[in-house]
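Summary of structural features
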Amino acid sequence: MNTTQPCMDCPRQCHVVRPLKSDGIGPDLPGYCHSPLQPVLARAALHFWEEPCISGSRGSGTVFFSSCNLRCCFCQNSQISMDGKGIPVTVSRLRAIYHELIAQGAHNINLVTPTPYTRAILESLSEPLPVPVVYNCGGYERVETIRAFEGKVQIYLPDLKYMDSAMAERYSGARDYPDIAASAILAMYEQTGPYVLDDDGMLQKGVVIRHLILPGHVDNTKRVIDWVRDHFEPEQVLFSLMRQYIPCGRASEYPEIDRPLTDEEYDEAEQYLFDSGIEDGFVQEKSSASEGFIPAFDGTGV
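Residues numbered from 1 in each chain as written. Predicted model: local features only at pLDDT ≥ 70, side-chain atom pairs only at ≥ 80, totals over all residues. Heavy atoms only, no water.

1. Focus: the overall build of the chain
How we decide: Only runs of H or I of at least four residues qualify as helices and only runs of E of at least two qualify as strands under DSSP, and these elements are numbered from the N terminus. As defined in this context, the radius of gyration uses C-alpha atoms, and a globule is described by 2.2 Å times the residue total to the power 0.38. Only protein chains enter the accessibility calculation, which uses a 1.4 Å probe; a residue whose area is less than 20% of its type maximum is buried, one above 50% is exposed, and one in between is partly exposed. Any two residues whose heavy atoms approach within 4.5 Å are treated as being in contact.
Helix and strand counts for the chain stand at 9 helices and 10 strands. Expected size for 302 residues packed as a compact globule is a radius of gyration near 19 Å; at 18 Å, the chain falls within 12% of this value. Expressed as lengths along the three principal axes of its C-alpha atoms, the size of the chain is roughly 50 × 45 × 35 Å. Residue burial in the chain is summarised as follows: out of 302 residues, 57% are buried. Once local pairs closer than 6 in sequence are excluded, the contacts in the chain between residues at least 24 apart make up 68%.

2. Focus on the pairing of strand β1 (residues 40-47)
The condition is simple: Paired strands, as defined in this entry, are two strands with at least two bridges between them according to DSSP.
With respect to burial, β1 is a largely interior element, 7 of its 8 residues being buried. Pairing of β1 with strand β3 (residues 87-88), which is carried by 2 bridges, proceeds in the antiparallel orientation. By the bridge assignment, L41 is partnered in β3 with I87. Of the strand pairs in this sheet, β1 and strand β2 (residues 60-65) are connected by 6 bridges, and their pairing is antiparallel. Its bridge partner lying in β2, A44 is registered against V63.

3. A look at the pairing of strand β4 (residues 109-112)
Just so we agree on the cut-off: Every crossover in which the path from the first strand over the helix to the second runs clockwise, viewed with the strands pointing away from the viewer, is termed right-handed.
Every second residue of β4 is oriented toward a common face, with I109 and L111 on one face and N110 and V112 on the other, all of them buried. As paired strands, β2 and β4 are joined by 4 bridges and run parallel to one another. By the bridge assignment for β4, G61 is matched with I109. In terms of strand pairing, β4 meets strand β5 (residues 133-137) through 4 bridges, oriented parallel. Within β5, the residue paired with V112 across the bridge is N136. In this region the chain leaves β4, passes through helix α4 (residues 118-124) and returns to the parallel neighbour β5; the handedness of that crossover is right-handed.

So, in structure tokens, the structure goes:
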């Protein structure tokens, strides 16, 4: 791991030299993500609340990293993405965690918000794992970083949050998000090719594009659906339309999204998806909009 190279791992391109390790994350550390190079983890456990082709019957071996290169005001994981909760680990410990999860029966190793720790994760994956590796991110990625994971990551699970730059700036502090995320997703697909499911319906490689519907912004959702329809043919990628929004994080500071999604909003978005011709993917039940599906970030498995 290069510890002296100024950081350009994500689209923020802060050009700061980050410390190798720290007691955690926080504003005293340089760069947008305020994190060290060595990982800080909040949880590592079997997870059953991903898409069915990821979680399966035995669970996804999910590693939750602290910090993020976005500042989504509504983040359900704000305890770890912005509040600094987490436990520092070495690269060798991170690698050991992968194998512990695999021994528990994990269908895959699912790296949640890995971007701030790109260099350490690349090192941790220097030897292939016997299960697919999932890169689970907010979509705000450099193409160069995605390309660095070729041969190490088999499944990409990016968000495509916005096709509206003003929304991206207001809610996530990233006005360039639409173009950046679109380019990153195309690079992910270039790397994996069309998705492949095994005989049990478990994803072995490919891209699953997630989109969380925000209240009052169904038009943005329609633009996201249009982009996916226009850039991919049937059986190339999977699309996951997410109904699970509840006001979290700093959503109370933004009155227009400080409420759950209405049935009418979801029905309109879902019908637009069905009419779009996109058939490969997933939708969510209303019950998914619950705090009960937010994991306990208590250091389990770390």
